[in-house]
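This is what each chain is made of:
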Amino acid sequence: MTAPVLEARGISKSFPGVRALQDVSMTLGRGSIHALLGENGAGKSTLIKVVTGVHQLDAGTLLLDGNSVHFAGPREAIAAGIAVVHQERNLIPRFSVGENILLERLGDNLLRSVDHGAIHAEAKRWLDVLELDVDSRIPVSRLNVAKMQLVEIAKALSLRSRVLLLDEPTASLTPHETVVLFGLLRKLRDEGVSIVFVSHKLEEVQEICDQVTVLRDGRNACDSRSMAGLGRQDLVRLMIGRSEQIPNWSVRDRTTAEPVLELYGIATSIGHNGIDLTLHRGEILGLYGLIGAGRTELAKSILGIYRITSGEIRIGGQTAHIRSMAEAIHCYRLGYISEDRKQEGLILMHSVLENAGMTVWRKLAGAFGVLTDRTIRARVEPVIRQLDVRTPSLAQTVGNLSGGNQQKISVAKWLAAEVSILIVDEPSVGIDIKTKAYLHGLLRQLADRGTAILLITSDMPEMITLADRIAVMDEYRVKGVIANDRVYEGMSERIMHLIHGQEAA
Ligand SMILES: Nc1ncnc2c1ncn2[C@@H]1O[C@H](COP(=O)(O)OP(=O)(O)O)[C@@H](O)[C@H]1O
Ligand SMILES: [Mg+2]
């Protein structure tokens with residue numbers, strides 16, 4: 001490892017009734033990206049808050065450049081060159097984007113006369129770095145969750161710190177926003193900044209991190225190990241204490257059932273070409289591919305978001321032209337769980353009840369004539385309970401829930417809607433392994449009851465757990481479709497072969 005910059009040694013921290021951290025250590029090297037992993041509740045955020053002066057430690061030491069330090073509060077950590085983006089939002093809603101970005105630097109001067117031109121010019125630099133196209137003069141309250149997240153990151157960057165701690169920064173970002181952020185993190189690392197990166201997305205962690213510390217139940221499962229040679233299964237084993245298991249479910253074959261969604265020679269305005277796919281009743285058809293293979297874009301083309309330039313789509317045997325999400329649901333009983341849940345899946349200002357009820361209300365109105373809060377509630381409540389959504393009440397605003405719980409609500413919505421075709425895009429991003437297993441069980445049940453599912457995932461174990469057949473995509477084409485025999489090693493090998501050019505045997 002490079003020279004240690006910040007070290008946490010033997011840290012313990014309790015809250016009333018909870019030992020959040022017990023004897024935890026982590027060492028950050030200069031110019032490195034350090035993953036901090038663990039399931040929900042493992043203690044990641046608490047460790048970050050201890051390091052940044054938000055919480056006071058009960059035992060242990062913090063060392064900066066080898067010298068013992070103590071931060072009485074967040075301002076002292078900032079002054080020592082440590083910036084943080086906490087998991088929960090910390091912006092002042094009625095302040096402008098620019099004021100929020102420069103808040104820590106302006107401090108009390110903000111209340112006096114300050115040069116607003118200079119604030120916005122400086123803020124814009126940081127927004128540009130993140131390719132964030134928002135006016136720095138508008139109040140933060142007008143931004144969506146992803147943009148708020150990026151503003152928080154801009155705020156941390158503007159401090160030009162030597163240490164940058166990011167607690168689940170990508171949880172609500174789109175893949176493109178994530179790519180931009182990663183480019184920036186690599187650049188900062190090369191300039192010598194030490195970065196801590198918390199994420200549940202193991203592909204991301206493997207892509208960008210150099211070292212890893214894993215917490216399990218408030219203790220180190222590993223302390224500042226090199227990522228080199230650690231595979232996904234190794235990380236999972238460290239996080240949950242065992243390997244991720246492919247459940248022992250039977251192999252399904254639904255190819256003799258009636259086709260419900262058929263694509264013939266589909267080409268699109270964004271570059272798909274010659275795509276033939278058939279999804280049968282009760283079948284789970286996986287779309288596997290690397291980021292940029294065109295899977296989400298294919299789903300969006302089916303939904304009418306991108307233009308289909310040639311070929312034919314059939315739904316239930318009839319030629320179909322879907323023009324909008326509303327039409328997909330109401331005319332074709334086709335639902336879409338988007339990977340980008342805050343943009344398309346959920347309306348964050350609305351309550352859990354409204355969100356989960358959104359797609360069912362029309363149907364219920366048809367059945368009962370009048371739609372009351374009680375009829376929606378009767379349908380939504382069991383699903384919310386089934387998915388174990390942690391919400392204080394159904395009236396809670398969705399934007400205030402954690403990422404994992406938001407994802408569960410976007411799934412709950414479609415389970416309650418009883419669609420006949422469901423397109424699911426990266427369903428388990430942002431949720432922990434236990435919830436993920438639960439979600440997999442639900443999707444499988446849904447398919448057993450006849451729902452046809454088109455599953456897009458970059459998570460190989462998830463693909464092999466759920467899919468009956470797997471279509472492998474690369475560069476906006478389908479390179480082959482293979483039946484899933486659910487034997488992990490053989491399947492993952494055949495899939496990677498297809499991606500890398502060899503035709504299926
Ligand atoms: N301010 C707090 N008061 C009481 N308990 C807390 C507080 N913050 C965290 N905890 C508890 O500490 C444990 C670790 O939480 P946290 O650090 O948020 O985990 P993670 O970020 O890994 O999901 C959990 O049991 C959580 O409920
Ligand atoms: Mg946390």
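Residues numbered from 1 in each chain as written. Chains lettered and ligands numbered in written order. Predicted model: local features only at pLDDT ≥ 70, side-chain atom pairs only at ≥ 80, totals over all residues.

Caption draft 1: Seen up close, the overall build of the protein chain. Of the regular secondary structure elements, the protein chain holds 18 helices and 20 strands. Taking all 505 residues of the protein chain together, 46% fall into the buried category. Counted over contacts in the protein chain with a minimum sequence separation of 6, partners at least 24 positions apart contribute 68%. (Helix = DSSP H or I, 4+ residues; strand = E, 2+ residues; numbered from the N terminus. Buried ≥ 20, exposed ≤ 12 C-beta atoms within 10 Å, placed from the backbone. Contact = placed C-beta atoms within 7 Å.)

Caption draft 2: Representation of the nonpolar core within the structure. Counting residues in hydrophobic clusters, the biggest one holds 72 residues, and the most contacted among them are Leu-47, Ala-154 and Phe-197. When residues in this core are grouped by element, the largest group, eight residues, is from helix α5 (residues 145–157). If we ignore the near neighbours within four places in the chain, the residues touching Ala-154 are Ile-101, Trp-126, Leu-127, Leu-130 and Leu-132. Counting residues in each nonpolar core, the second largest holds 60 residues, with Ala-412, Leu-439, Ile-470 and Leu-498 among its members. (Core = buried A, V, L, I, M, F, W, Y, C linked by C-beta atoms within 7 Å.)

Caption draft 3: Structural context of the sheet that holds strand β20 (residues 477–483). Taking strand neighbours across the sheet as the criterion, the six strands line up as β16-β17-β18-β13-β19-β20 in an open arrangement whose pairing is mixed. A single partner strand is all that each edge strand has here, and the edge strands are β16 (334–337) and β20. Ignoring strand direction, the axes of neighbouring strands in this sheet form an average angle of 20°. Bridging between strand β17 (residues 421–425) and strand β18 (residues 452–456) involves five bridges; their strand directions are parallel. Note that in β18 the partner of Leu-422 across the bridge is Ile-453. (Pairing = 2+ DSSP bridges. Axes fitted to C-alpha atoms, helices over the stretch in contact; angles between N-to-C directions.)

Caption draft 4: Summary view of unusual backbone geometry. One non-glycine residue with positive phi stands out, namely Arg-333, at about 50°. If you trace the backbone, Arg-333 turns up in the loop between α10 (325–332) and β16. Given 18 C-beta atoms within 10 Å, Arg-333 falls into the partly exposed group. Phi is positive for Glu-426, close to 45°, though the residue is something other than glycine. Structurally, Glu-426 is set in the loop between β17 and α16 (433–448). Owing to 22 C-beta atoms within 10 Å, Glu-426 belongs among the buried residues under this scheme.

Caption draft 5: Summary view of the site of ligand 1. Around ligand 1, the structure places Phe-15, Val-18, Ala-20, Gly-38, Asn-40, Gly-41, Ala-42, Gly-43, Lys-44, Ser-45 and Thr-46. At the level of elements, β2 (18–29) and α1 (44–51) are the ones that each hand at least two residues to the shell around ligand 1. Element by element, the count of residues in the shell around ligand 1 is highest for α1, at three residues. Taken together, the residues of the shell around ligand 1 break down into four nonpolar, six polar and one charged. (Near = placed C-beta within 6 Å. Nonpolar A, V, L, I, M, F, W, Y, C, P; charged D, E, K, R; others polar.)

Caption draft 6: Focus on helix α18 (residues 488–499). For α18, which comprises twelve residues, the first-to-last C-alpha distance of 17 Å matches the rise-based estimate of 16 Å (1.5 Å per residue) to within 8%. All of the buried residues along α18 are Met-491, Ile-495 and Leu-498. Projection of α18 onto a plane perpendicular to its axis shows the buried side chains occupying an angular sector of 60°, all on one side. What points out from α18, more than 90 degrees from its buried face, is the exposed set Glu-489, Gly-490 and Glu-493. Turning to α18, the residues buried within the fold contact β13 (284–288), α17 (460–466), β19 (469–474) and β20. (Expected span 1.5 Å × (residues − 1). Arc of directions from axis to C-beta.)

Caption draft 7: Fine view of the sheet that holds strand β8 (residues 194–198). Strands sit in the order β6-β7-β8-β3-β9-β10 across an open sheet of six strands; the sheet is mixed. Across the chains shown, the open sheet's two edge strands, defined by having one partner strand only, are β6 (82–85) and β10 (219–226). Taken over all neighbouring pairs, the strand axes of this sheet differ in orientation by 15° on average, direction set aside. Against the sheet, helix α6 (residues 175–190) contacts β3 (33–37), β7 (163–167) and β8, and its axis sits at roughly 150° relative to β8.

Caption draft 8: Structural detail: the packing of helix α3 (residues 97–106) against α5. The N-to-C vectors of α3 and α5 enclose an angle of 40°; their axes lie 7 Å apart at closest approach. Viewed along their axes, α3 and α5 adopt a mutual orientation that is oblique. As α3 packs across α5, the resulting crossing turns out to be right-handed. Each of Val-97, Asn-100, Ile-101 and Leu-103 in α3 lies in contact with α5, whose residues at this interface are Val-151, Ala-154 and Lys-155. The residue makeup of the contact of α3 with α5, split by class, is five nonpolar, one polar and one charged. (Parallel < 35°, antiparallel > 145°, perpendicular 65-115°, else oblique. Left-handed = near helix turned anticlockwise from the far one by under 90°.)

Caption draft 9: Quick peek at the environment of Pro-259. Take Pro-259: it is sitting in strand β11 (residues 259–268). C-beta crowding within 10 Å serves as the criterion here: with 17 such atoms nearby, Pro-259 is assigned to the partly exposed category. Residues in contact with Pro-259, not counting those within four places in the same chain, are Thr-278, Leu-279 and His-280.

Caption draft 10: Highlighting the environment of Lys-124. Counting through the fold element by element, Lys-124 comes out in helix α4 (residues 116–129). For Lys-124, a count of 19 C-beta atoms within 10 Å gives the class partly exposed. Considered as a pair, Lys-124 and Arg-137 are 13 residues apart in the sequence and their alpha carbons are 9.8 Å apart.

Caption draft 11: Seen up close, the pairing of β2. As paired elements, strand β1 (residues 4–15) and β2 share eight bridges and run antiparallel to each other. The residue of β2 that forms the bridge with Glu-7 is Thr-27. Linking β1 back to β2 in an antiparallel pair, the connection comprises two residues, with Gly-17 at a positive phi of about 85°.

Caption draft 12: Looking closely at the packing of α3 against α4. Closest axis-to-axis distance for the α3/α4 pair is 9 Å, and the angle between their directions is 85°. Our classification of the angle between α3 and α4 gives roughly perpendicular. Residue-level inspection shows Val-97, Gly-98, Glu-99, Ile-101 and Leu-102 of α3 in contact with α4, the latter providing Ile-119, His-120, Glu-122, Ala-123 and Trp-126. For the contact of α3 with α4, the residue count by class is six nonpolar, two polar and two charged.

Caption draft 13: View of the pairing of strand β14 (residues 308–315). Bridge count for β11 against β14 is six bridges, and the pairing is antiparallel. In the strand pairing of β14, Leu-261 is matched with Ile-315. Sheet topology places β14 next to strand β15 (residues 318–319); two bridges connect them, and they run antiparallel. Note that in β15 the partner of Arg-314 across the bridge is Thr-319. The antiparallel pairing of β14 with β15 creates a hairpin that spans two residues between the two strands, and Gly-316 there sits at a positive phi of about 60°.

Keep in mind that these numbers describe shape and distance, not what the molecule does.
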